[in-house]
Amino acid sequence: MVGVLLLLLLLPFLLYIAAPQIRKMLSSGVCTSTIQLPGKVAVVTGANAGIGKETAKELARRGARVYLACRDVQKGELVAREIQMMTGNQQVLVRKLDLADTKSIRAFAKRFLEEEKHLHILINNAGVMMCPYSKTADGFEMHMGVNHLGHFLLTHLLLEKLEESAPSRVVNVSSLAHLMGRIHFHNLQGEKFYQSGLAYCHSKLANILFTQELARRLKASGSGVTVYSVHPGTVNSELVRHSALMRWIWWIFSFFIKTPQQGAQTSLYCALTEGLEVLSGNHFSDCHVAWVSAQARNETVARRLWDVSCDLLGIPVDWLMMAAGPKRSLKQTTQHTPPK
């Protein structure tokens, strides 16, 4: 017993000694693209803190017009001013977006479409983790509602603008936690059984399945829009705010955890790296294609999740084809080579 207590007392010191080497190993992925983004437009959800803030900052540094789509507008305005001062880019705008409310999502999309003629990069970054059981304004379990359905609807509403601006990209922030995820269609809202940690895992699996199904449909349509899912790594952010246990674990292992800037690298890699179009639909970690679970490769589940998501949100199952309208039909019949 004394030995165990001694080990616990020494653990922080031992972690501190080993931290530089382990942190280097855990944060090996770096976006090395030098591409600049003048004239490009980007939307980053959850951009008022953590990975989203760092992603938005780097896009602004490269000259993009960046929309910080976040629930807390006041905090977002402070972050926008900070980014403007650090980058010299005044085209950093804040817009209200509450992914737990489809009315807010539709209002954000309506205003954006009225303001902007283009959209080149959509980073679906915002998320919740290990929430006590609760529901969104529309009655969806909070993890599935915010992390998956909210971004599903947002992408649906902005897709036509992405297509008009092609080549363009969508990046969905998922997690290694998807390995423990399952899509329980009979309990999608967690009403029959619920565990907050697993609910998060299920929603992160849904992110990957959505990415793969969207990529398949986009490829078939020849839209010029590509989509990627990413695991940012274990990052020191506000995501663990709902769990005292996770905050304690994060503190103990803080020497090994990535900074938000390091965590943003894979999102930036997928948004910016030239020639990545052929890998649309893939999952990335540390700026490399990463392995996903068998569940995440199940096309049958992906298609069913697409259909169920459309039904829950009240949108057509074939919304991707409908977004293009007659223009795509004409394009498909007259063009036999991929768009450049």
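Up top is the structure these notes are about.
The present account deals with the structure reproduced in this document. These numbers were taken from a predicted model, which means no experiment stands behind them.

Within the protein chain, the secondary structure is distributed over 12 helices and eight strands. Counting every position in the protein chain, which comprises 340 residues, the buried fraction comes to 53%. A separation threshold of at least 6 residues defines the contact pool for the protein chain, and within that pool the share at least 24 residues apart is 76%. Of the roughly 16200 Å² that the protein chain leaves accessible, carbon and sulfur atoms contribute 60%.

Read across the open sheet, the eight strands follow the order S3-S2-S1-S4-S5-S6-S7-S8; overall the sheet is mixed. With partners counted over all chains shown, the strands left at the sheet margins are strand S3 (92-96) and strand S8 (288-289), one partner each. Two elements, strand S1 (residues 41-45) and strand S2 (residues 65-70), share five bridges in a ladder whose sense is parallel. What sits directly across from Val 44, in S2, is Leu 68. Across the face of the sheet, helix H3 (residues 73-87) comes into contact with S2 and S3 while running at roughly 170 degrees to S3. Sitting on the sheet, helix H9 (residues 265-272) touches strand S4 (121-124), strand S5 (168-173), strand S6 (225-231) and strand S7 (283-285), and the angle it makes with S5 is about 160 degrees.

What follows concerns the packing of aromatic side chains. In this description, an aromatic ring pair is defined by two values, namely the gap between the centres and the angle between the planes. Summed over all chains, the structure comprises 10 aromatic pairs. With a centroid separation of 5.0 Å and 75 degrees between ring planes, the pair formed by Tyr 67 and Phe 112 is classed as edge-to-face. Pair noted here: Tyr 67 is in strand S2 and Phe 112 is in helix H4 (residues 102-115), with a separation of 45 residues, a long-range link. When the centroid spacing of 4.8 Å and the interplanar angle of 70 degrees are considered together, the rings of Tyr 133 and Tyr 194 count as edge-to-face. Here Tyr 133, found in the loop between S4 and helix H5 (142-164), pairs with Tyr 194, found in the loop between S5 and helix H6 (196-221); they are 61 residues apart in sequence, far enough to count as distant. Put simply, the rings of Phe 152, Phe 210, Trp 306 and Trp 319 pair up and form one aromatic cluster. Sitting over the face of the ring of Trp 306, Arg 217 holds its NZ or CZ atom 4.2 Å from the ring centroid. One Lys or Arg, Arg 304, reaches over the ring of Phe 185 and ends 4.1 Å from the middle of that ring.

Okay, the environment of Ser 203 next. Mapped onto the secondary structure, Ser 203 falls in helix H6. Each C-alpha atom of the pair Ser 203 and Leu 149 lies 9.0 Å from the other, and the pair is 54 residues apart in sequence. When sequence neighbours within four positions are dropped, the list of residues in contact with Ser 203 reads His 143, Met 144, Asn 147 and His 148. In terms of polar contacts, Ser 203 uses its side chain to reach the side chain of Asn 147, at 2.9 Å.

What counts and what doesn't
- Residues numbered from 1 in each chain as written.
- Predicted model: local features only at pLDDT ≥ 70, side-chain atom pairs only at ≥ 80, totals over all residues.
- Heavy atoms only, no water.
- Helix = DSSP H or I, 4+ residues; strand = E, 2+ residues; numbered from the N terminus.
- Buried < 20%, exposed > 50% of the residue type's maximum accessible area, 1.4 Å probe, protein only.
- Contact = heavy atoms within 4.5 Å.
- Areas by Shrake-Rupley, 256 points an atom, 1.4 Å probe, with all protein chains shown as cover.
- Pairing = 2+ DSSP bridges.
- Axes fitted to C-alpha atoms, helices over the stretch in contact; angles between N-to-C directions.
- Phe/Tyr/Trp six-rings, centres within 6.5 Å; stacked < 30°, edge-to-face > 60°.
- Lys NZ or Arg CZ within 6 Å of the ring centre and 35° of its normal.
- Polar contact = N/O pair within 3.5 Å; in protein donor to acceptor, adjacent residues only side chain to side chain.

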